[in-house]
Amino acid sequence: MCGRPHRLAEAIGASGLIGGQVADLEATGEKIDLDALEYIHSHKTGALFIAAAELRAIAASGRARDIEALRRYAKNLGLAFQITDDLLDYSGSPGTTGKDAGLDRNRTTFVNLCGIDGARRLADELISASVSALAPFGRRAELLAGLADMVRERDR
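Let me begin by describing the structure that accompanies this report. (Residues numbered from 1 in each chain as written. Predicted model: local features only at pLDDT ≥ 70, side-chain atom pairs only at ≥ 80, totals over all residues. Heavy atoms only, no water.)

**Re the packing of aromatic side chains**
- Inspection of the entire model under this criterion finds one aromatic pair.
- When the ring of Phe49 is compared with that of Phe81, the centres are 5.6 Å apart and the planes differ by 50 degrees; the resulting orientation is tilted. Taken together, the residues Phe49 in helix α3 (residues 34–59) and Phe81 in helix α4 (residues 64–91) connect sequence positions 32 residues apart.
- A relative accessible area of 25% places Phe49 in the partly exposed class.
- For Phe81, a relative accessible area of 28% corresponds to the partly exposed category.
- The residue whose ring lies beneath Arg154 is Phe81, and the NZ or CZ to ring-centre distance is 3.8 Å. (Phe/Tyr/Trp six-rings, centres within 6.5 Å; stacked < 30°, edge-to-face > 60°. Helix = DSSP H or I, 4+ residues; strand = E, 2+ residues; numbered from the N terminus. Buried < 20%, exposed > 50% of the residue type's maximum accessible area, 1.4 Å probe, protein only. Lys NZ or Arg CZ within 6 Å of the ring centre and 35° of its normal.)

Printed below as a string of structure tokens:
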């Protein structure tokens, strides 16, 4: 396991956020498939969620299996967060979300690939997988499970 500064740099750099953002910009105006869209968002949003979970586990001297469980939690939750963001862009109220609706109309999103119901189902499946990854922690993970519920219910 790499050290804390290296892990954060990795999450932000070419193999994480920046790499995902480059792929996202290159896809502007292009039709992409679900695998490409998942790649983009798992590198943008997901990489930061994973780094946050890993760094906390490392700081707490977590065991390798605990860090891996938190990686699964964060990976699934990060992608679910992005899907709910796509749903909010499609149907959210600008007064509530704080941003103009429809900003992603010229981009491939989970909503225009899967439909509204399909995107909601996918987000729910990812959130359920995220919470399931917390099982080894029992009650100690209630706060993290609560964060997953917040992603499910978010309106901004």
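**Digging into the packing of α4 against helix α7 (residues 142–153)**
- At a closest axis distance of 9 Å, the pairing of α4 and α7 adopts a crossing angle of 20 degrees. Here α4 lies roughly parallel to α7, going by the angle between them. Crossing handedness for the pair α4 and α7: left-handed. Here α4 contributes Leu70, Tyr73, Leu77, Ala80, Phe81 and Thr84 to the contact with α7, which in turn contributes Leu144, Leu147, Ala148 and Val151.
- Of the residues assigned to the contact of α4 with α7, the class counts are nine nonpolar, one polar and no charged. (Axes fitted to C-alpha atoms, helices over the stretch in contact; angles between N-to-C directions. Parallel < 35°, antiparallel > 145°, perpendicular 65-115°, else oblique. Left-handed = near helix turned anticlockwise from the far one by under 90°. Contact = heavy atoms within 4.5 Å. Nonpolar A, V, L, I, M, F, W, Y, C, P; charged D, E, K, R; others polar.)

**Describing helix α6 (residues 110–133)**
- An ideal rise of 1.5 Å per residue puts 34 Å on 24 residues; α6 reaches only 23 Å between its terminal C-alpha atoms.
- The largest bend along α6 measures about 95 degrees and falls at Ile116.
- Taken residue by residue, α6 has Phe110, Val111, Gly118, Ala119, Ala123, Leu126, Ile127, Ser130 and Ala133 as its buried positions.
- Among the structural elements, α3, α4 and α7 are those in contact with the buried residues of α6. (Expected span 1.5 Å × (residues − 1). Bend = angle between axes of the 7 residues up to and from the residue.)

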